Each structure stands twice: as C-alpha cells, then as structure tokens.
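Below are the chains, spelled out letter by letter.
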Amino acid sequence: MEADAKLINGVAYARQLRNEIRQEAENLHSAHGILPTLAVVMVGNDPASAVYVRNKIRATEQAGMRSVSHHLPVSTSEAELLGLIATLNADETVHGILVQLPLPPQIDRDAVLDAISPAKDVDGFHIVNAGLLAVGRHDGFIPCTPKGCMMLLQSVLPELAGLHAVVVGCSNIVGRPMARLLQQAGCTVTVTHLQTRDVAAETRRADIVVVAAGHPGLVKGDWIKPGAVVIDVGINRAETAQGSRIVGDVAFDEVYPHAAAITPVPGGVGPMTIACLLQNTLQAAQGLAG
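Notes on the structure follow. (Residues numbered from 1 in each chain as written. Predicted model: local features only at pLDDT ≥ 70, side-chain atom pairs only at ≥ 80, totals over all residues. Heavy atoms only, no water.)

### A closer look at unusual backbone geometry
Put simply, the rule reads: Every helix listed is a DSSP run of H or I at least four residues long, and every strand listed is a run of E at least two residues long, numbered separately from the N terminus.
The amide bond that connects Leu101 to the next residue, Pro102, takes the cis arrangement and shows omega of 5°. Position of Pro102 among the secondary structure elements: in the loop between strand S4 (96-99) and helix H4 (109-115). Backbone torsion omega between Val265 and Pro266 reads 0°, so that peptide bond is classified as cis. Tracing the sequence through the fold places Pro266 in the loop between strand S11 (261-262) and helix H10 (269-289).

Pasting the structure below:
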C-alpha cells in the first residue's frame, strides 16, 4: 500500500529563512552601518511581473533591508536601460540589482543581464556567476529558484549522494543550474527537454524529480516511482469549472499518492525563490563589508 506523500511546506521554510536573514541584516547594519539594498528594475506593465515585483519589494522591506524600485515605460530603449544599470553598478549603496523578466522585444535580455555587475547579480544569471556554478564553485551567486529547491530537497533528504535525479526542463534560469547543483551534491542527473523521446520513462526511474517545464499538469501519477521526492517549480494559471487558479507542472492529485514528499503549488518553491533572493542580497552586502 502506497503511503501518502509528505507536503514540503515552502511557506514555513521560507519564513524561517527570512527570519534568519533579518537578524543577519540587523547585525550587519549595527556593526558596519551597511543596510542591504536591492534595486528592482521593471520595464513595461506586464501584470504578472508587477505582482512579482511588489512581492519582492515587500519581502525585502520585511526582512529589514531597503528596496529601490525603478519602473520604466514599455518604450524604454536598450541604451536607456543599460545606462540605468551602469548607474546602479556604480552606486555603493546598492548591493543587489534585479531586472524583472520578461523585457520588451526591443531590448536584448542577454545584453542587459551581462551588464549587471557580477558582484550585484543577485539573480545569479550573469555569465560569470553561471560559469562559477558550472565548474563547481559557489563563491558566486546561485540562481534563486534552484537554490531554494535544493534547500527544500535537503529538508527531506539530508543525504543526496548516490540518488538518481531527473530534471524536467533545461532553462538557464532553473533546469540547467538545478542539474548542476544536484550533480555537485552527488546525484546522478538526467535532464529532459522538448526533444526527449520518452520523458515518463526517465522520471519513473528517479528518486528525485524536479519539474520546471512551464506546462500545467505535465507530470502524471504513473510518471513517478513510489517513494520519490517531487519538486514542482511550475506556476501556471489554469481555468477550471470553479474559476481561475494557480497550478504547477505536476498533476498534484495524481502524483501525491505515489511520492514520499512533494511541494504544493502555490506554497512550495515560490516563497523559497524570494527568500533566496533576499539571502543573495544580504550576501552581496556582506561581501562589501568583508
């Protein structure tokens, strides 16, 4: 008989992490006079982006840190945005810079992300930080969502070495850095993507399944080996008979009976992403203080 899965409570874990961050931020401010500061840049009026930005700003301030918001019109040119980033790079009172994605089509995303100082790239997207992670060095910034996923995994699986992990999705934001972190923790890692012939065959062999595909309900119950741990990174808005609701990339009701532990959506990975952003910002400020 299959046991019910244990819900991995990202809300509670993130609350604990934010409390620790707040205490460290207060210590940094009292000892060195440095108030960790995050600059958030948004271009345009994408509704989902606006919600994410508000949540990040509110969480930053609740953690005892300062936020600086720059909301630019959708017509902003790439040169104008790069000029703002250069100003923020030079501002010693700003420790972290976050440019909310997506950007309007006239702006090259990679050019913008590469313009952010690696020392202030708290999203962990700069090529320098990505390269450091790729070679197994953690002295750069680790992307927030994979970092949070690893914390949640280790809360239920303290020893990851030797386990087989499958990552569904290979984006530079989640899938690829997630695979590197799992590999560095001693897992044997398989990364699946759009060209994978039989994704379900891969996930059925896995002790750990991390899903970041951007496809609601992609992973079904019979895709999961009994006793596996499932991390659902997906955040999708779905229309149901009861109205609109947020769902993950995992068909939760189907997968729940098979998994040993699973993250809910919402309330799983999302809160940890923001908490890890705060942690990266604190670490950037601590770097300035030596």
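### What about the environment of Phe125?
Condition: Between two residues, a contact is recorded if the distance between any of their heavy atoms is within 4.5 Å.
With respect to the secondary-structure elements, Phe125 resides in the loop between H4 and helix H5 (127-134). As a C-alpha pair, Phe125 and Leu113 span twelve residues in sequence and 6.7 Å in three-dimensional space. Aside from chain neighbours lying at most four places away, what touches Phe125 is Leu101, Leu113, Pro143 and Ile173.

### So, the sheet that holds S11
Our working definition: Only strands joined by at least two bridges in the DSSP assignment are considered to pair.
Spatially, S1-S11-S8-S7-S5-S6 is the arrangement adopted by the six strands of the open sheet, whose pairing is parallel. Both edges of this open sheet fall to strand S1 (6-7) and strand S6 (188-192), since each of them pairs with a single strand only. As defined by bridge partners, strand S8 (residues 229-232) adjoins S11 across two bridges and the pair is classed as parallel. Across the sheet, residue Val230 finds its bridge partner in S11, namely Ile262.

### Description of the nonpolar core
Our working rule: We define the nonpolar core as a collection of buried residues of types Ala, Val, Leu, Ile, Met, Phe, Trp, Tyr and Cys that are connected through side-chain atoms lying within 4.5 Å of one another. Exposed residues in this analysis have more than 50% of their type's maximum accessible area, buried residues have under 20%, and partly exposed residues fall in between, with area computed by a 1.4 Å probe over protein chains only.
Among the nonpolar cores identified, the biggest contains 54 residues, and Leu153, Met178, Leu182, Ile208, Ile231 and Val233 are the most heavily contacted of them. When residues in this core are grouped by element, the largest group, ten residues, is from H10. The residues touching Met178, leaving out its near neighbours within four places in the chain, are Pro146, Cys149, Met150, Leu153, Val167 and Val210. Formed by 18 residues, the second largest nonpolar core is a distinct cluster that contains Leu88, Ile97, Ile116 and Phe125.

### With respect to the pattern of salt bridges
Defined as follows: Whenever a carboxyl oxygen of Asp or Glu lies within 4 Å of a side-chain nitrogen of Lys or Arg, that contact is scored as a salt bridge.
Counted under the stated rule, the structure contains five salt bridges. Two residues, Arg109 and Asp110, come together in a salt bridge whose shortest N-O distance is 3.8 Å. In this structure Asp110 comes out as partly exposed when scored by relative accessible area, which is 44%. Arg205 is the partner of Glu202 in a salt bridge, and the nearest nitrogen-oxygen pair spans 2.7 Å.

### Regarding the packing of aromatic side chains
Applicable threshold: Two aromatic rings, drawn from Phe, Tyr or Trp (for Trp, its six-membered ring), form a pair once their centres lie within 6.5 Å of each other, and the interplanar angle then sorts them: stacked below 30 degrees, edge-to-face above 60, tilted otherwise.
Counting across every chain of the model gives one aromatic pair. Ring plane angle 50° and centroid distance 5.3 Å describe the contact between Phe252 and Tyr256, whose orientation is recorded as tilted. Accessibility expressed as a relative area gives 26% for Phe252, which makes it partly exposed. Taking relative accessible area as the criterion, Tyr256 reaches 23% and is therefore assigned partly exposed.

### So, the state of the cysteines
Put simply, the rule reads: Two cysteine sulfurs form what is called a disulfide whenever their separation falls within 2.5 Å.
Across all of its chains, the model carries zero disulfides by this definition. Free cysteine Cys170: the closest other cysteine sulfur is in Cys149, separated by 16 Å. Left without a disulfide partner, Cys187 is nearest to the cysteine sulfur of Cys149, which lies 13 Å away. Classification of Cys187 by relative accessible area gives buried; the value is 6%.

### Describing the side chain of Asp123
The following threshold applies: For the purpose of charge, His is not counted, nor are the chain termini; Lys and Arg are scored as positive and Asp and Glu as negative.
Along the chain, Asp123 falls in the loop between H4 and H5. There is no salt bridge for the buried Asp123, and the closest opposite charge comes from Lys56, which lies 5.5 Å off by N-O distance. Here Asp123 is in contact with Leu98, Val99, Ile142, Pro143, Cys144 and Leu277, once residues within four sequence places are set aside.

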